[in-house]
Amino acid sequence: MQLFTYPVEGYLPLQDPPTADLIKAHRLLGYMKTVLSTCIDTQEEKLTEKDIGCWQLKGEPTVLVTLAHIFNYFAPLMCKVYLVEDVLMSFLLGILEGGGSVDEHPLIQQLLDLFWLLMEDFEVNECLKQLMMSLLRAYRFSPIIPDLGFQIHYLRLTTAILRHEKSRKYLLNNVLYPFHSSASDIHITFDVLRSVVFFYIKTPLRVKEAGLEELIPTTWWPTRFDKEGKDEKDLRHETADERMRRRAYERGCQRLKKRIEVVEELQVQILRLMLNNKDKGTGEASRYIFLNKFRKFLQENASNRGNPTVLCPPEYMVCFMHRLITAVRSYWDEGKRKSTGAISSEEAYVPPQLFYNGKVDYFDLQRLGGLLSHLKKTLKDDLATKANIIIDPAEIQATSMDDLDEDEESGAAQRPSGAAAMGGALARPSWLSSPTLGRANRFLSTAAVSLMTPRRPLAPPEKVKVRSLPVEQRTEEDIEGSHGNDGLLLGRPLEEPDQPITEKSLLEILDGIVMMYNLSVHQQLGKMVVVSDDVHEYAVALKDTEEKIARCPGRRPDILEELQKSQKVFAEKLNHLSRRLAWINATIYSKEKMLDVYWLLRVCIRTIEHADNTGSLFAFTPEFYLNVAMNSYSALKNYFSPSNSMDELPGYEDTLTQLAAILAKHFADPRIVGTDIKDSLMQALASYVCYPQSLRAVERIPEEQRVAMMRNLLAPYEQRPWAQTNWILVRLWRGCGFGYRYTRLPHLLKTKPEDANLPSLQKPCPSILLQRHMAELLSQDKDMAASFLNSVLNQLNWAFSEFIGMIQEIQQAAERPERNFVDTRQLKVCATCFDLSVSLLRVLEMTVTLVPEIFLDWNRPSAELLLRRLAQLLNQVLNRVTAERNLFDRVVNLRLPGLESVDHYPILVAVTGILVRILVDSERQGIARAASVLLSDPCFQLHSIQHLLGETEASTAGADHKHFSLHAYTDYISTEEEQKVEQMLAFLTEESKQAAATTAPTSEDDLCPICYAHSISAIFKPCSHKSCKACINQHLMNNKDCFFCKATITGVEDYSKPAGS
């Protein structure tokens, strides 16, 4: 590669300079400069010199005739890229070298007028193309210096050229725009894809090259960490030296930020020129040319997500998005000042009619309600009644048949690209696909959309034919509308306010900005956090090394030397990374960039709220709006902190509440059909209830919405992804359960107390308010309570059985004499089943604590059955986990990586919480019923309860084997909780003795013929067969036929054996 880097001593460039042409071009340019600086004094009849910067293209025909002769030779040379870059670009840059604003150098505008006047069209076109491509290359590959002088220089010239209206429109509206990526499209001019380069500020990989050592001479990094290894935010404990270093570093960061802001301001100026919609004197305004190119740019990036070679790099997309937001907001607010009825950019949103009127092309991006063609057919009546849009049924049918015919030939090839363009989501499984996925939007280009006139409801509606044109064929009228034509806002629903928002073209650009964030900006924001993480890791390593140096004994100079070498390496790396982090914080994570992302979050929230108000038409909303709402909040919370605090954002509390309402309402919204977006909503809600601030936001939403959310969470677990909703319920309970207040798994802290890399849990923040809603729902709706709890018990049975099966396989693999490696995926599934079992037990603990009557009030139809099922499962779990030297013990003692969470504490404490609630904290009758059911279960073993307090250790365990005991976890279990367990154990011991003394031997004939565990206690009608109540109640949940004769059971009555038999 060294051979291709020029200049290199001893090597020549790949292309020899065209010496003759260069001499000719420089000489002709010299003639031109002389003529431009010459003035004819008609009174004195002599030539005089004047400032070349004051030359004007008017008057003095002699000068123009002379220039025309020069251009006769100069114009052909300007079609050659080498000459344009070496001669013309250098000359134009020289004009701007004097400093000042671009407006102070009108000569460039005059020269461009001269080019268009004296050169042939093909010559000026080629010259401008080569000039702009040279500027792009120069900007992209120029080195980073402390004052960013090169970048500023090239951006100033770009701005000056784009100020020339005719040149700007040619560069924007180039016919060679690459509609298809192929070798013939290499010669691309100033399309939006290439112009994105101008909005990028590249991050220096080498600090020395960028001069950051001079700009930020003092470096700083965190030196204080809390118990969990996170940066200590309290600055009161820092020393005077640390404070001085931190402040010097912050001043250096501010200097860097100010220099970068100069570049950003120039980039915004370029975008404002592109978004000019007043330059209609020479044809279509620049904004509408830009808008069509921009939409094509988005389409290419959305449809080629699997082909990175044709995509805009994410780091470019981030910078482009921020500059575009600034430019759009400035135009938006300018329009607000001129139109008093319009809304400000602070209240910006995208109206819902853009999603269904066909004016804006969303390519094959997924809608919330599924495919667009399907929605148009199923919701055509709603479109007519709510949005005054009528679709011709014949054309729908024609489109559908055409889709089916074409699908025989090309559908299979188009589906993958459509699935890959779903805005960051995974490809949809084949059973969710449709034959028309690749052409879902083509329907809009053929279907006739008509506007009803509500003034004459009895007469046939007057139809105004509106067709969605290909992006590149749209005009200003198609976008902004005209008399009687709403343009992009055709089909306003009744729920949408009839007021101007802003210029309609800005709405489409805003829609595109949201799409950009979804395509790659969010991923890039997450990627760049790595530098901050690296600083933290090296800072921790450096502090650890310094502590080891302080403890190193004097008799070991060899160890001290190695530690000092490590200290030097870590310090050098931190010096480099802290300066690089300053650059990244200024260009990507600054306060201004955070406000941009926050603004985008609020735009998405308002857009979703307006779309939601349209009822069934909400299904037309593209999925990426919900994705961006969730992801932008995640970015603000996880990527921009701690350098910028979310609490300082304007209206932050209200925004949190609005987003909470969206998540609470739509995670179970039947209008949303996509499995990926539903999973994302569920995960976002689960994350939301983990943190105190966002949980309080959920509690602030209207009570009706809170109750509806809890009702959806309590729906039966069958036929839906239940694990996520179960986690949500668990997080609402954490902090209230028995021994359930830890932030680190207690058993891990006992074995590895100094390991800072142990998994950390969020601090408990239970919601008493939402728990109360849950209690009210389960208490009032008996059928829902029974179906919910039966489904939880079913899933617990499944999860724990799967876990036991998994650890049997793991134990067998570990006992084989040959060296075996357990599959990491199998370990992960095993740990997941264990975690699911614990979380399901916690939900049962939550339920039995909040609504104990569900199990203990036997006037409720399902209470006894639920209590028996609960007792059966609790006994099974206890027996499996507490048996002496059992399978569970052996696998836990293997300490396999991936099974860190599997231990006695999490599962036994969850079981204990349930037992304590029903056997200690209930009223007397309930305790008696619970004890009776528990003791009558054939699986009940008293020593399993004794095991909780380690009371079997002295009798059966060897000296090398330590029992689990709640007494060993006094940091996590309160004294009151311990006393309750002891009380429960004493009560069960006494009850089991009494039960053993009073129980008479039971004849086999009197046992239930199904389970052989309980006595016969129920008789079926009409067939008079018998079983125990537990078996028949469980059977009737799924089947109404008799076990024995298959007759339909019409009733079940209590049965007791006659006294004399």
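Cut-offs applied
Residues numbered from 1 in each chain as written. Predicted model: local features only at pLDDT ≥ 70, side-chain atom pairs only at ≥ 80, totals over all residues. Heavy atoms only, no water. Helix = DSSP H or I, 4+ residues; strand = E, 2+ residues; numbered from the N terminus. Areas by Shrake-Rupley, 256 points an atom, 1.4 Å probe, with all protein chains shown as cover. 1 Å grid on protein atoms, 1.4 Å probe; cavity = no way out; pocket = protein on both sides within 12 Å on 5 of 7 lines; lining within 4 Å. Points joined across faces, edges and corners; volume = space filled by probe spheres on them. Nonpolar A, V, L, I, M, F, W, Y, C, P; charged D, E, K, R; others polar. Salt bridge = Lys/Arg side-chain N within 4 Å of Asp/Glu carboxyl O. Buried < 20%, exposed > 50% of the residue type's maximum accessible area, 1.4 Å probe, protein only. Axes fitted to C-alpha atoms, helices over the stretch in contact; angles between N-to-C directions. Parallel < 35°, antiparallel > 145°, perpendicular 65-115°, else oblique. Left-handed = near helix turned anticlockwise from the far one by under 90°. Contact = heavy atoms within 4.5 Å. Phe/Tyr/Trp six-rings, centres within 6.5 Å; stacked < 30°, edge-to-face > 60°. Core = buried A, V, L, I, M, F, W, Y, C linked by side-chain atoms within 4.5 Å. Patch = residues over 30% accessible without salt bridge, like charges linked within 9 Å, V, L, I, M, F, W, Y side chains within 5 Å. Lys, Arg positive; Asp, Glu negative; His and termini not counted. Charge placed at Lys NZ, Arg CZ, Asp CG, Glu CD. pLDDT = per-residue confidence, 0-100. Pairing = 2+ DSSP bridges.

Focus: the overall build of the protein
And step 1. Counting its regular elements, the protein contains 39 helices and seven strands.
And step 2. Summed over all atoms, the accessible surface of the protein reaches about 49500 Å², with 52% contributed by carbon and sulfur.

Examining empty space enclosed by the protein
And step 1. Evaluation of the coordinates by the stated rule reveals eight cavities of 30 Å³ or more.
And step 2. The class makeup of the residues in the lining of the largest cavity is six nonpolar, one polar and two charged.

Description of the pattern of salt bridges
And step 1. Scanning all chains against the criterion turns up 33 salt bridges.
And step 2. Two residues, E334 and R272, come together in a salt bridge whose shortest N-O distance is 2.9 Å. Residue E334 is located in helix α13 (residues 314-338), and its partner R272 is located in helix α11 (residues 240-274); the two are separated by 62 residues in the primary sequence.
And step 3. Looking at R272, the relative accessible area reads 24%, which means it is partly exposed.
And step 4. A single salt-bridge network, built from bridges that share partners, covers D612, K665, D669 and R671.

What to know about the packing of helix α30 (residues 824-850) against helix α34 (residues 904-919)
And step 1. Orientation of α30 relative to α34, taken along the N-to-C sense of each, is 15°, at an axis distance of 9 Å. Judged by the angle between their axes, α30 and α34 are roughly parallel. Handedness of the crossing formed by α30 with α34: left-handed. The residues of α34 that touch α30, namely those facing F834, V838, L841, R842, L844, E845, V848 and T849, are P906, I907, V909, A910, V911, G913, I914, R917 and I918.

Some remarks on the packing of aromatic side chains
And step 1. Applying the stated criterion across every chain, the model contains 30 aromatic pairs.
And step 2. Centroid distance F294 to F320: 6.1 Å. Interplanar angle 85°. Geometry classified as edge-to-face. Here F294, found in helix α12 (residues 286-303), pairs with F320, found in helix α13; they are 26 residues apart in sequence, far enough to count as distant. F320 shares its class with F294; the two are buried.

So, the nonpolar core
And step 1. By size, the foremost hydrophobic cluster in this structure holds 296 residues, and its most contacted members are L324 and L729.
And step 2. Counting six residues, the second-largest nonpolar core is a separate cluster that includes A1018, F1020, L1036 and C1042.

Observations concerning unusual backbone geometry
And step 1. The omega angle of the peptide bond from K1021 to P1022 is 10°, so this bond is cis rather than trans.
And step 2. In this structure, P1022 sits in the loop between β5 (1018-1021) and β6 (1026-1027).
And step 3. Within the chain, F363 stands out as a residue other than glycine whose phi angle is a positive 55°.
And step 4. Relative to the helices and strands, F363 resides in the loop between α13 and α14 (372-378).
And step 5. A positive phi is found at S1024, a non-glycine position, where the angle reads about 65°.
And step 6. Among the structural elements, S1024 can be located in the loop between β5 and β6.

Overview of helix α24 (residues 692-700)
And step 1. Among the residues making up α24, those that are buried are S694, L695, A697, V698 and E699.
And step 2. At its buried positions, α24 is contacted by α21 (623-638), α22 (652-666), α23 (675-688), α25 (703-713), α26 (722-733) and α28 (768-780).

A few points about helix α33 (residues 887-894)
Within an α-helix, residues lying three or four positions from one another point in the same direction, as the helix has 3.6 residues per turn.
And step 1. Among all positions in α33, only L887, F888, D889, V891 and V892 are buried.
And step 2. Against α29 (782-815), α30, α32 (863-882) and α34 lie the buried residues of α33.
And step 3. Once α33 ends, the next one or two residues include R895, with phi positive near 50°.

Considering a positive patch on the surface
And step 1. Side chains of R247, R251, R255 and R259 sit close together on the surface and give a patch of like positive charge.
And step 2. Tracing the chain through its elements places R247 in helix α11.
And step 3. Residue classification places R247 among the partly exposed residues on the basis of a relative accessible area of 44%.

Notes on the confidence of the model for the protein
And step 1. When pLDDT is averaged along the protein, the result is 80; 81% of the residues meet or exceed 70.
And step 2. Taken element by element, the predicted model of the protein shows its lowest mean pLDDT in strand β4 (residues 449-451) (35) and its highest in helix α20 (residues 591-612) (95).
And step 3. Low pLDDT, under 50, characterises residues 953-960; the stretch is placed with eight contacts to residues that sit more than four places away or in other chains.

Structural notes on the side chain of D612
And step 1. Relative to the assigned elements, D612 resides in helix α20.
And step 2. The exposure class assigned to D612 is buried, which follows from its relative accessible area of 13%.
And step 3. With residues up to four places along the chain from it excluded, the contact list for D612 reads F618, K665, H666 and R671.

A word on the sheet that holds strand β7 (residues 1051-1054)
And step 1. Pairing in this open sheet of three strands is antiparallel, and the strands run β6-β5-β7 from one edge to the other. The strands lining the two open edges of the sheet, one partner per strand, are β6 and β7.
And step 2. Where β5 lies against β7, four bridges are found, and the strand directions are antiparallel. Looking at β7, one finds that A1018 is bridged to D1054.

Some points on the packing of α20 against α22
And step 1. Remark: α20 packs on α22, axes separated minimally by 10 Å, with the N-to-C direction vectors making an angle of 45°. When the axis of α20 is compared with that of α22, the two are oblique. Crossing geometry of α20 relative to α22 is assigned as left-handed. Note on element contacts: α22 touches α20 through Y652, T655, Q658, L659, I662, K665 and H666, opposite Y598, L601, R602, I605, I608, E609 and D612.
And step 2. When grouped by side-chain class, the residues that make up the contact of α20 with α22 number seven nonpolar, three polar and four charged.

Points about the environment of R772
And step 1. One can find R772 in helix α28.
And step 2. Among the residues examined, R772 registers a relative accessible area of 44% and is labelled partly exposed.
And step 3. Here the alpha-carbon distance between R772 and L850, two residues 78 residues apart in the chain, equals 7.8 Å.

Let's talk about the pairing of β5
Along any regular strand, the residues point their side chains to alternate faces of the sheet.
And step 1. Relative to β6, β5 runs antiparallel, the two being bridged by two bridges. Paired with I1019 across the bridge in β6 is K1026.
And step 2. Where β5 folds back onto β6 in an antiparallel hairpin, the turn is made up of four residues, including S1024, whose phi is positive at roughly 65°.

Quick look at the environment of R842
And step 1. Mapped onto the fold, R842 is located in helix α30.
And step 2. The class of R842 is buried, set by a relative accessible area of 0%.
And step 3. Remark: the alpha-carbon pair of R842 and W727, spanning 115 residues in sequence, is separated by 9.7 Å.
And step 4. Among all residues touching R842, those that are not within four sequence positions of it are V730, W733, G737, F738, G739, Y740, P906, V909 and A910.

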